[in-house]
Amino acid sequence: MKIVFGYTLILLVTILIASCYMGSTILFLEKDALHKPNLLANPSFALLPDSMNVMPSGWTIIGQRDDYLGKVLCDSLTRVESGNSIRITGTRKPLMIISDPFKVDRFGGFFAKISALSSDDLGPRVRFRFITYNASGKIRNSFSSSLKSAQHWKKASISAGFLKTDVRFARLIILVPPTQEATLWINDAGCYEVHRFPLD
């Protein structure tokens, strides 16, 4: 009896440990996005001529305005891809950078990405989310990733699929902690439909 109990206990512990390390059941790679259209309205953070906005079109910033005004700017010099990066310097409170909504299909499989660079080798941890919504704006799926920024470009990516049946659109959300004395750059944003799951 004790031997059976011991084997059962070992089996349960093994299953528990294995479940802690189980990742997503899907994995898409950046190469899967090659030649696929970027679903974001303005992935390169391009500014309109004579723009007076803090953020480029296609993106919204949520935070305390007096904390980020003059500290969040577009930067055309420091970037990993063409276009601009978003440069964030000396903020004392968290910020959310949110993409405009884009249409998604529940049978799609999606690859999303961002890159970040810091002036500090132990820079802020940037969190990144792909969130889907139904027609009335209720959240239906949420996928997340994060990266610890450093003095070289680092990438975070998300593989998303098996969406709820009533999804209509999605957004990318970038969560930026206070940068304090550091400068943080965000660039190379993208979201691509890279797979089609079979119809029910």
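Look up: the structure comes first, before these words.
Residues numbered from 1 in each chain as written. Predicted model: local features only at pLDDT ≥ 70, side-chain atom pairs only at ≥ 80, totals over all residues. Heavy atoms only, no water.

Participant: Help me understand a positive patch on the surface in this model?
Facilitator: Taken together, the side chains of Arg125, Arg127, Arg129 and Lys148 make up a positively charged region of the molecular surface. Turning to its location among the elements, Lys148 is positioned in strand β8 (residues 139-148). (Patch = residues over 30% accessible without salt bridge, like charges linked within 9 Å, V, L, I, M, F, W, Y side chains within 5 Å. Areas by Shrake-Rupley, 256 points an atom, 1.4 Å probe, with all protein chains shown as cover. Salt bridge = Lys/Arg side-chain N within 4 Å of Asp/Glu carboxyl O. Lys, Arg positive; Asp, Glu negative; His and termini not counted. Charge placed at Lys NZ, Arg CZ, Asp CG, Glu CD. Helix = DSSP H or I, 4+ residues; strand = E, 2+ residues; numbered from the N terminus.)

Participant: Even after reading the chapter, I still don't get the packing of aromatic side chains, so can you show me in this structure?
Facilitator: By convention here, two paired aromatic rings are described through the distance between centres and the angle between planes. Across all of its chains, the model carries six aromatic pairs by this definition. Between Tyr133 and Phe169, the aromatic rings sit 5.0 Å apart at their centres with planes inclined by 10°, giving stacked as the arrangement. Taken as a pair, Tyr133 in strand β7 (residues 125-133) and Phe169 in strand β10 (residues 169-176) lie far apart in primary sequence, 36 residues in all. Here the aromatic cluster, defined as three or more aromatic residues joined through ring pairs, consists of Phe102, Phe110, Phe130 and Phe143. (Phe/Tyr/Trp six-rings, centres within 6.5 Å; stacked < 30°, edge-to-face > 60°.)

Participant: What is the right way to look at the sheet that holds strand β6 (residues 108-118) in this model?
Facilitator: In sheet architecture, strand pairing relies on hydrogen bonds along the backbone and comes in two forms, parallel and antiparallel. With antiparallel pairing, five strands are arranged side by side in an open sheet as β2-β3-β11-β6-β9. Two strands lie at the open edges of the sheet, namely β2 (72-75) and β9 (154-160), each paired on one side alone. With direction set aside, neighbouring strand axes in the sheet form an average angle of 25°. Pairing analysis gives seven bridges linking β6 to β9, with the strands arranged antiparallel. Across the sheet, Ala116 pairs through a bridge with Lys154, a residue of β9. (Pairing = 2+ DSSP bridges. Axes fitted to C-alpha atoms, helices over the stretch in contact; angles between N-to-C directions.)

Participant: Can you walk me through the pattern of salt bridges in this structure?
Facilitator: In a structure, side chains of opposite charge can pair up when their charged atoms sit close to one another. All told, the structure shown has 10 salt bridges when counted by the stated rule. Notably, a salt bridge pairs Lys155 with Asp188, separated by 2.7 Å at the nearest N-O pair. Linking Lys155 in strand β9 with Asp188 in strand β11 (residues 183-196), this pair joins segments that are 33 residues apart in sequence. Overall, the relative accessible area of 40% leaves Lys155 in the partly exposed class. By relative accessible area, Asp188 is classed as buried at 7%. (Buried < 20%, exposed > 50% of the residue type's maximum accessible area, 1.4 Å probe, protein only.)

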